[in-house]
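One letter stands for each residue in the lines below.
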Amino acid sequence: MTFSPITMDIKEELLDELDIKTVFTIPKIGVAVDESTVVSWIIIAVLTVIAIFLTRNLKVEGPIGKRQQILEICMDKLITFFDKILGSNGKKYMPWLMSMAIFIGMSNMIGIFGFKPPTKSMQVTAAMAISSIILVEFAGIKERGLKGHLKDFTKPVWIVTPINMLELIIKPLSLCMRLFGNVLGAFIIMELIKSVAILKIGVPVAFSLYFDLFDGFLQAYIFVFLTAMYVQEAVEE
């Protein structure tokens, strides 16, 4: 079987994107730190600096500046969105969900700046999915007690308990694979567009803005929306 040069180029690009290279190794303990971890650290550091800048000198009374006005509008929209999903019992988990949404959105769009998005690494998406299901189980136990939470696995009838137990695996697996698959799929589509586009600059750039910005934030929205739904199911009476 023979491959055209375009197919071979896409294959090489795809393999390069899937290859998570080691950036450095921590001396003495010998722990290898790969590029997805380093880029995640960069994103966390940038978001921390931005958060410190946006939350400095906030006012409770009196006239407020444009920075605080924009920040309050964004927070109001986010709180309204999550409040409708989580209900009164799940409000305390909003900060974690908001932080996860911002981190995933930044991770998906960081490719614009020449970095390899951490969400192209399955170990990153798996870590976020596992942390999400841990939050869901913690919320269920805290709000309803261990006994009450365990009873949920026997509903609507006790015979479906094994199937309900499988959700502990199915939910994080679906979150992980959905995020990883969509980000990787967007990359493959972009490579195909670059290989066949007549206008090598305008067309790829336009599609890159769509996949890196709109689709990137859309995947963050889906991930956090599903997590919020799982939390709401765990804490509801």
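Rules used throughout
Residues numbered from 1 in each chain as written. Predicted model: local features only at pLDDT ≥ 70, side-chain atom pairs only at ≥ 80, totals over all residues. Heavy atoms only, no water. Helix = DSSP H or I, 4+ residues; strand = E, 2+ residues; numbered from the N terminus. Contact = heavy atoms within 4.5 Å. Areas by Shrake-Rupley, 256 points an atom, 1.4 Å probe, with all protein chains shown as cover. Expected span 1.5 Å × (residues − 1). Buried < 20%, exposed > 50% of the residue type's maximum accessible area, 1.4 Å probe, protein only. Arc of directions from axis to C-beta. Salt bridge = Lys/Arg side-chain N within 4 Å of Asp/Glu carboxyl O. Axes fitted to C-alpha atoms, helices over the stretch in contact; angles between N-to-C directions. Left-handed = near helix turned anticlockwise from the far one by under 90°. Nonpolar A, V, L, I, M, F, W, Y, C, P; charged D, E, K, R; others polar. Pairing = 2+ DSSP bridges. Phe/Tyr/Trp six-rings, centres within 6.5 Å; stacked < 30°, edge-to-face > 60°. Lys NZ or Arg CZ within 6 Å of the ring centre and 35° of its normal.

Asker: Give a detailed account of the overall build of the protein, specifying residues and quantitative values.
Answerer: A tally of regular secondary structure across the protein gives seven helices and two strands. Across the protein, helices and strands are ordered from the amino to the carboxyl terminus as α-β-β-α-α-α-α-α-α. Here the contacts in the protein between residues at least 6 apart in sequence split such that 65% fall between residues at least 24 apart. Entry remark: accessible area of the protein is about 14,600 Å², with carbon and sulfur atoms responsible for 71%.

Asker: Quick rundown of helix 3 (residues 66–86)? Include the residues and the values.
Answerer: With 21 residues, helix 3 should reach 30 Å at 1.5 Å per residue; the first-to-last C-alpha distance of 30 Å fits that figure. Those residues of helix 3 not exposed but buried are Q68, L71, F82, I85 and L86. Here the buried residues of helix 3 occupy an arc of 115° about the axis, which is enough to place them on one side. Turned more than 90 degrees away from the buried face of helix 3, the exposed residues are K66, I70, I73, K77 and K84. Just beyond helix 3, the residue with positive phi is G87, at close to 75°.

Asker: Explain the pattern of salt bridges to me, and be specific about the residues and the numbers.
Answerer: Evaluation of the coordinates by the stated rule reveals five salt bridges. In this structure, the salt-bridge partner of K91 is D83, at a minimum N-O distance of 3.6 Å. We classify K91 as partly exposed; its relative accessible area is 42%. The closest approach of N and O atoms between E143 and K92, which form a salt bridge, is 3.0 Å. Note that E143 is positioned in helix 5 (residues 122–151) and K92 in the loop between helix 3 and helix 4 (94–109), a separation of 51 residues in sequence.

Asker: Give me the packing of helix 3 against helix 4: which residues, what numbers.
Answerer: Interhelical geometry of helix 3 versus helix 4 gives an angle of 115° and a closest axis separation of 11 Å. As helix 3 runs across helix 4, the sense of the crossing is right-handed. Seen from helix 3, the contacting residues are M75, L78, I79, F82, D83 and L86; seen from helix 4, they are M94, L97 and M98. A class-by-class count of the residues in the contact of helix 3 with helix 4 yields eight nonpolar, no polar and one charged.

Asker: Explain the side chain of S132 residue by residue, including any values.
Answerer: Within the secondary structure, S132 is located in helix 5. Of the residues examined, S132 reaches a relative accessible area of 1% and is grouped as buried. Dropping the residues within four chain positions of it, S132 is found in contact with W96, L175, F223 and T227.

Asker: How would you explain the environment of I110 if you had to name every residue and give the values?
Answerer: Within the fold, I110 resides in the loop between helix 4 and helix 5. On the accessibility criterion, I110 (8% relative accessible area) is buried. Expressed as a C-alpha distance, the spacing of I110 and I43, which sit 67 residues apart in the sequence, is 8.4 Å. Once you skip the residues sitting within four places of it in the chain, I110 turns out to touch V39, I43, F115, P117 and P118.

Asker: Tell me about the pairing of strand 2 (residues 31–34), residues and numbers included.
Answerer: Bridging between strand 1 (residues 22–26) and strand 2 involves four bridges; their strand directions are antiparallel. Within the sheet, the bridge partner assigned to I26 lies in strand 2 and is V31. Counting the residues in the hairpin turn of strand 1 and strand 2 gives four residues, including K28, whose phi is positive at 70°.

Asker: Summarise the packing of aromatic side chains; cite the residues concerned and give the values.
Answerer: Summed over all chains, the structure comprises four aromatic pairs. Taking the centre distance of 5.0 Å and the plane angle of 70° together, the rings of F81 and F82 count as edge-to-face. Aromatic rings pair up to connect F81, F82, Y221 and F225 into one cluster. In this structure, R67 packs its charged tip against the face of F53, placed 5.5 Å from the ring centre.

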